[in-house]
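Residue-level structural notes
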Amino acid sequence: MTQLPAAPPRPLALVTGASSGIGAAFARELAARGHDLALVARREDRLMALADELSAAHGVECRVIPADLSRPGAEQAVLEAARQGGRRVSVLVNAAGYSIPQSFADVPWAAQRDFLMTLVVSACGLAWGAVRDMVELGEGRIINVASLAGFSPGVAGHSLYPGAKSLSIKLSQALDAEYRARGVRVTATCPGFTQTEFAQANGTDEIMAETPRLLFLTPEQVVAATMRANDRGKVVVCPGWHSALAAGLMQYLPQGLVRWAIMKGSARYHLSPEEPA
């Protein structure tokens, strides 16, 4: 009796920040597209619940990798866990992130350092490792969740956030220039207001609640726009017409005018030291 060859393994997608919001929405979309998942976040209980949901709905394998990406070497440990069994990462979604709304020196340096480790160092380290897998596979996707703030000048509060998100955009452009010809599609997605736990985590949720709901997208809308852009090979996308308009204005209007407008509009999101973050 002739034995049929084993089916090739499903492609493996590694998603950080997968416990909620945009990261969880990317995990659901990739599972629906037939990808096995390596789910990364600090909250193991949420990852386990999501893994059970996706396995039941789509028959995919989900690896739960609890990790604090602010710790030195976290990215290497995550990659090793995702690659167990000889797997290779064919999709990377860097979605882990948060912000610190107080002034720079009002927050201990350890907290600022952890921010940089999570949003910059670990994200770059995961991309460095994953792109090597993708080159070996001959194809792959890297999606970096940046922000509309990546086009913004620095203003009071959230001191490191615009710079970190700008780096995410520039890194995506560089990786596209270096690896597009080798089958790797790279996209930086730059959403504006999104209905996630982001504001709750940094203590600005009551302030954010005053923002018109018309300006908000759901995580699913952000993911849908991003995946369409990545499918087409677009490197930078701003989901939602209002985000695309704002990004264009920030890039092409005089920077003095942009900084004045951003400072006025963002002042209410700058928390004083005694306010919780």
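Refer to the structure presented above.
Residues numbered from 1 in each chain as written. Predicted model: local features only at pLDDT ≥ 70, side-chain atom pairs only at ≥ 80, totals over all residues. Heavy atoms only, no water.

Examining the overall build of the chain
The test is simple: The numbering of helices and of strands both runs from the N terminus, where a helix is a DSSP run of H or I of at least 4 residues and a strand a run of E of at least 2. Throughout, exposure labels follow a simple rule: accessible area from a 1.4 Å probe, protein chains only, divided by the maximum for the residue type, with under 20% read as buried, over 50% as exposed, and the rest as partly exposed. Residue contacts are defined here by distance: any two heavy atoms, one from each residue, within 4.5 Å place the two residues in contact. Areas reported as accessible are Shrake-Rupley estimates using a 1.4 Å probe. Residue values count occlusion only from the protein chains shown.
Secondary structure assignment for the chain yields ten helices and seven strands. Split into buried and exposed, the 277 residues of the chain put 49% on the buried side. Taking as baseline every contact in the chain between residues at least 6 positions apart, the subset at least 24 positions apart corresponds to 72%. Of the accessible surface of the chain, which amounts to about 13,500 Å², a share of 57% is contributed by carbon and sulfur atoms.

Concerning the packing of helix α1 (residues 21-32) against helix α2 (residues 44-58)
Going by this rule: Helix axes use the C-alpha atoms of the stretch in contact, all axes being lines fitted to C-alpha atoms, and the angles between their N-to-C directions lie in the range 0 to 180 degrees. Orientation labels follow simple angle bins: below 35 degrees gives roughly parallel, above 145 gives roughly antiparallel, 65 to 115 gives roughly perpendicular, and whatever is left gives oblique. By convention, the crossing between two helices is left-handed when the near helix turns anticlockwise from the far helix through less than a right angle, and right-handed when the turn is clockwise.
Remark: α1 packs on α2, axes separated minimally by 10 Å, with the N-to-C direction vectors making an angle of 20°. Overall, the two elements α1 and α2 adopt an arrangement that is roughly parallel. For the pair α1 and α2, the crossing hand works out as right-handed. Counting all contacts with α1, which are made through Ala24, Ala27, Arg28, Ala31 and Ala32, the residues of α2 involved are Leu50, Glu53, Leu54 and His58.

Let's talk about the side chain of Ser90
For Ser90, the location among the structural elements is in strand β4 (residues 89-94). Exposure remark for Ser90: the relative accessible area of 11% places this residue in the buried category. Beyond its immediate sequence surroundings of up to four residues, Ser90 is in contact with Pro11, Leu12, His35, Met134, Leu137, Gly140 and Arg141.

Things to note about empty space enclosed by the protein
The test is simple: The pocket and cavity definitions rest on a 1 Å grid over protein atoms only: a 1.4 Å probe that fits but cannot leave marks a cavity, an open set with protein on both sides within 12 Å along at least five of seven lines marks a pocket, and residues lining either have an atom within 4 Å of a point. Grid points are joined across faces, edges and corners, and a volume is the space filled by probe spheres set on the points. Under this grouping Gly is polar, as are all residues other than the nonpolar Ala, Val, Leu, Ile, Met, Phe, Trp, Tyr, Cys and Pro and the charged Asp, Glu, Lys and Arg.
Applying the stated criterion across every chain, the model contains two cavities of 30 Å³ or more. The calculated volume of the largest cavity comes to roughly 150 Å³. Lining of the largest cavity is provided by 17 residues; of these, Asn94, Ala96, Leu119, Ala123 and Ser168 occupy positions nearest its centre. Elements that contribute at least two residues to the lining of the largest cavity include exactly α4 (109-137), β5 (140-145) and α5 (161-179). Looking at the lining of the largest cavity residue by residue, the class counts come to ten nonpolar, six polar and one charged. Computed from the structure, the second largest cavity encloses a volume of approximately 40 Å³. Contributing to the lining of the second largest cavity are Ile100, Gln102, Gln112, Phe115, His158, Ser159, Leu160 and Tyr161. Counted by class, the lining of the second largest cavity contains four nonpolar, four polar and no charged residues.

A short note on the layout of surface pockets
In this structure, the second largest pocket spans a volume of roughly 280 Å³. Taken together, the elements giving at least two residues each to the lining of the second largest pocket come down to β4 and β5. Split by residue class, the lining of the second largest pocket holds five nonpolar, four polar and six charged.

Here's the deal with a nonpolar patch on the surface
What counts is decided by this rule: For patches, a residue must show more than 30% relative accessible area and have no salt bridge; joins then use 9 Å for like charges and 5 Å for nonpolar side chains, namely Val, Leu, Ile, Met, Phe, Trp and Tyr. Throughout this description, the term salt bridge denotes a Lys or Arg side-chain nitrogen within 4 Å of a carboxyl oxygen of Asp or Glu.
Among the surface-exposed residues, Trp241, Leu245, Leu249, Leu253, Leu257 and Trp260 lie close enough to one another that they form a single nonpolar patch of about 660 Å² accessible area. Elements represented by at least two residues in the nonpolar patch include exactly α9 (241-252) and α10 (255-266). With three residues, the top contributor of residues to the nonpolar patch is α9. Residue position: Trp260 is located in helix α10.

Re the pattern of salt bridges
A complete count under the given rule lists 15 salt bridges for this structure. The partner of Asp114 in a salt bridge is Arg71, with the nearest N and O atoms 3.0 Å apart. Note that Asp114 is positioned in helix α4 and Arg71 in the loop between β3 (62-66) and α3 (74-82), a separation of 43 residues in sequence. Taking relative accessible area as the criterion, Asp114 reaches 18% and is therefore assigned buried. The partly exposed category is assigned to Arg71, whose relative accessible area is 37%. Residue Asp114 pairs with Arg113 through a salt bridge whose shortest N-O separation is 3.8 Å.

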